[in-house]
Each structure stands twice: as C-alpha cells, then as structure tokens.
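Now for the letters of each chain:
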Amino acid sequence: MPQTVLLAEDDRAIRHALERALTLEGYEVTAVADGVEALARARRGRPDVLVLDVMMPGMDGLQVCRALRAEGDRTPILMLTALVETQDRIAGLDAGADDYVVKPFDVEEVFARLRALLRRTSPAEAGGYGPFGDAPGAPPQAPGGAQAAGGAQAPAPAGAPDAAGQAAAGQAPARTAERPVEAAGLRMDPQARRAWRGERELELTRTEFELLALLVRNAGIVLDHSTIYDRIWGYDFGPGSKNLAVYVGYLRRKLDEPGAPQLIHTVRGVGYVLREG
C-alpha cells in the first residue's frame, strides 16, 4: 500500500506542484488549502505523515500541530515555512512538529525528510549508530542482554532455539524488546518513549527523543555532523545546514538545570558528544 500524505498549503501553485511531485514519488496525497480542512482530514483519515505550511489563513500550521498533539496524535509532521529565524523554527518544534523545510525548498529535500520521518515510525530500527543500536566497538550482547565474559557471546540456554533454528523451522526470530538506556544521569525508555534527567521527566518531540537517544546510547563518543544527520534524518544536509544546531540548542534548553553540568558538548568542527562535565 502506498504511504499517505496529508498536504496543507494555501499557495495554489506550491500545493499543486508538491502534490504532483509526491504522487509521482509514489505517495497517496490528499491536498487541502487551509488548516481547518487539514485538521478535519487528519482526524478522519489518519495519514502516515502530514506536511503543513506554517502561514495559512484561518488556522495556521502551528495551530493544527498543537491541536493534534493535544489530542495525543503522534503522526509525524513536516512543516513548510518561509520564516528563517531560529526563534520561528523553535516555535514550530515547540508546537510538536518533527522537522521543517525552509522555503524556497528543493523537492528532493522534502522527499529525504519524509523518508527519514517515515523510517522512524516503522517498527524496525536501523542498527549501527542508531538511537538504540550498539556503538562501534561495543561488545556483543548475550541473550536477554547479559554480556558474556571477555566480550564473547554467551550460549543460549539448553533447549532454546536459536535464530538459525527458528529460521529452519519456518519461524521468524523473536524480536528483542528495546531495553532502557542510561548515561550521564539520563534515563530513557525506548518502549514507552519516555526520558528523565534524574527524577524530572523530559517533554520531548519525536526528533528530540531520537537525537537524545542517539547521544545517550553513544555516550562519551564524539559523533560527527554527517553521522548524526544520517542516523536521525537519513540525509546529510551539508555543512551549511543549521538544522542540527537548532535541535541541539532546543534539546539543551530542556535538559540543562541551574547548577548542574551541561550534558551535550560541542566539539568544534566535528560534532557533539554526551558526557557529564
């Protein structure tokens, strides 16, 4: 089944062009001209992803986003905006948006950001540097999460079928539940998608959660910009992009506490690392 996109854009030329491009890309698109109609369609149809223009008459994209999030709707939302100031972008993230594209945009960038949002809502998580994947050089894990001595894989209990045995029997290997992760005073539960600093629970958007999870899982490792872009957005937007800096800044505002050490550190010219002090 094609993935469904609800597009809300009041500029007719942009709406028609983007609708056609998305359709040719294989999406099933519903295009509307205002926020009121977008909210009604989102409530009725439950699309896979929403693309919302920020500035629309009547009800703008930020209001639509806030209304859906207040109702508990976690459908990924990509905002289209002509506003380029950092505070404007922060307003969109604060409203519950997952990502944004600044006008005028390249349609390939829209495609890349949609693919990244949809990947993060799929059941399977990529490995490697992924938010809950092992960092490079991490020792293998034994079944149930126990690490074998010396970094070797511990044998499965007697009589327990391994993945190869399940495959031979025509059964899919059982998925391992994502375990809570902790580092630098932070605790994250990927199953419940909740995070805490000490006893304080953090209110994070989807993208903020994924970014923090990536840093926590790789605590103490400096992650370069390209790696973070690839693992979170699925696309490297290049050295001129401020997208990552905006998200890191916004995440710091939610993490930092008076008198407590900063947790996310900038390694100038390289990237970011999570550590205490």
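Quick note: structure is the one above.
Residues numbered from 1 in each chain as written. Predicted model: local features only at pLDDT ≥ 70, side-chain atom pairs only at ≥ 80, totals over all residues. Heavy atoms only, no water.

Novice: Which parts of the structure should I look at to understand the nonpolar core?
Specialist: Among soluble globular proteins, nonpolar side chains are generally buried collectively. Within the largest apolar cluster, 55 residues are counted, with the highest numbers of intra-cluster contacts made by Leu-211, Leu-212, Ile-228 and Leu-274. Those residues in contact with Leu-211 that lie beyond four places of it in its chain are Ile-228, Ile-232, Leu-244, Tyr-247, Val-248 and Leu-251. (Core = buried A, V, L, I, M, F, W, Y, C linked by side-chain atoms within 4.5 Å. Buried < 20%, exposed > 50% of the residue type's maximum accessible area, 1.4 Å probe, protein only. Contact = heavy atoms within 4.5 Å.)

Novice: Can you help me understand the pattern of salt bridges in this one?
Specialist: Any two side chains of opposite charge can pair, so long as their charged atoms come close to each other. The tally for this structure, following the rule as stated, stands at 13 salt bridges. Residue Lys-103 is joined to Glu-9 by a salt bridge in which the shortest nitrogen-to-oxygen separation is 2.9 Å. Of the two residues, Lys-103 sits in the loop between strand S5 (99–102) and helix H5 (107–120) while Glu-9 sits in the loop between strand S1 (4–8) and helix H1 (12–24), which places them 94 residues apart along the sequence. Of the charged contacts, one joins Asp-53 and Lys-103 as a salt bridge, the two residues approaching to 3.0 Å between their closest N and O atoms. One end of the pair, Asp-53, is in strand S3 (residues 49–53); the other, Lys-103, is in the loop between S5 and H5, and 50 residues separate them in sequence. The exposure classification of Asp-53 matches that of Lys-103, with both residues buried. Salt bridges linked by common partners bring Glu-9, Asp-53 and Lys-103 together as one network. (Salt bridge = Lys/Arg side-chain N within 4 Å of Asp/Glu carboxyl O. Helix = DSSP H or I, 4+ residues; strand = E, 2+ residues; numbered from the N terminus.)

Novice: Which parts of the structure should I look at to understand the layout of surface pockets?
Specialist: Rolled over the atoms, a probe with the dimensions of a water molecule shows which regions are left empty. The volume enclosed by the second largest pocket comes to roughly 380 Å³. As for the second largest pocket, its lining consists of 16 residues, and the residues nearest its centre are Arg-74, Glu-203, Leu-204, Thr-205 and Arg-206. Taken together, the elements giving at least two residues each to the lining of the second largest pocket come down to helix H4 (86–94), strand S8 (194–197), strand S9 (200–202) and helix H7 (206–217). A per-class count over the lining of the second largest pocket returns 5 nonpolar, 2 polar and 9 charged. (1 Å grid on protein atoms, 1.4 Å probe; cavity = no way out; pocket = protein on both sides within 12 Å on 5 of 7 lines; lining within 4 Å. Points joined across faces, edges and corners; volume = space filled by probe spheres on them. Nonpolar A, V, L, I, M, F, W, Y, C, P; charged D, E, K, R; others polar.)

Novice: Help me understand the sheet that holds S8 in this model?
Specialist: Hydrogen bonding along the main chain pairs the strands of a sheet, whether they run parallel or antiparallel. Pairing within the open sheet is antiparallel, and its 4 strands lie in the order S6-S7-S8-S9. What marks the edges here is a single partner per strand, and that holds for strand S6 (181–183) and S9. Direction aside, the axes of adjacent strands within the sheet are offset by 25° on average. Here strand S7 (residues 186–189) runs beside S8; their pairing, made up of 4 bridges, is antiparallel. From the neighbouring strand, Asp-189 faces S8, where its bridge partner is Arg-194. Taken strand by strand, H7 contacts S6, S7, S8 and S9, and its axis lies near 120° from that of S7. (Pairing = 2+ DSSP bridges. Axes fitted to C-alpha atoms, helices over the stretch in contact; angles between N-to-C directions.)

Novice: Whenever I open this one, the pairing of strand S11 (residues 264–267) confuses me. Can you help?
Specialist: Both faces of the sheet carry side chains from a regular strand, because those side chains alternate between them. With 4 bridges connecting them, S11 and strand S12 (residues 271–274) associate as antiparallel partners. Its bridge partner lying in S12, Val-267 is registered against Gly-271.

Novice: Sorry, what's going on with the sheet that holds strand S10 (residues 223–224) here?
Specialist: If you walk across this open sheet you meet the 3 strands as S10-S12-S11, and the pairing is antiparallel. Of all the strands in the sheet, the pair left with one neighbour each is S10 and S11. Examined bridge by bridge, S10 and S12 share 2 bridges and lie antiparallel to one another. Bridge pairing in S12 links Leu-223 to Tyr-272.

Novice: Hey, could you run me through the packing of H1 against H5 in this one?
Specialist: Relative orientation and spacing of two packed helices are given, respectively, by the angle between their axes and the distance between those axes. Orientation of H1 relative to H5, taken along the N-to-C sense of each, is 55°, at an axis distance of 11 Å. Regarding the angle of H1 to H5, the classification is oblique. H5 is crossed by H1, and the crossing has right-handed handedness. Contacts from Leu-18, Ala-21 and Leu-22 in H1 reach Val-107, Val-110, Phe-111 and Leu-114 in H5. Residue composition of the contact of H1 with H5, by class: 7 nonpolar, no polar and no charged. (Parallel < 35°, antiparallel > 145°, perpendicular 65-115°, else oblique. Left-handed = near helix turned anticlockwise from the far one by under 90°.)

Function cannot be read off these values alone, since they describe shape.
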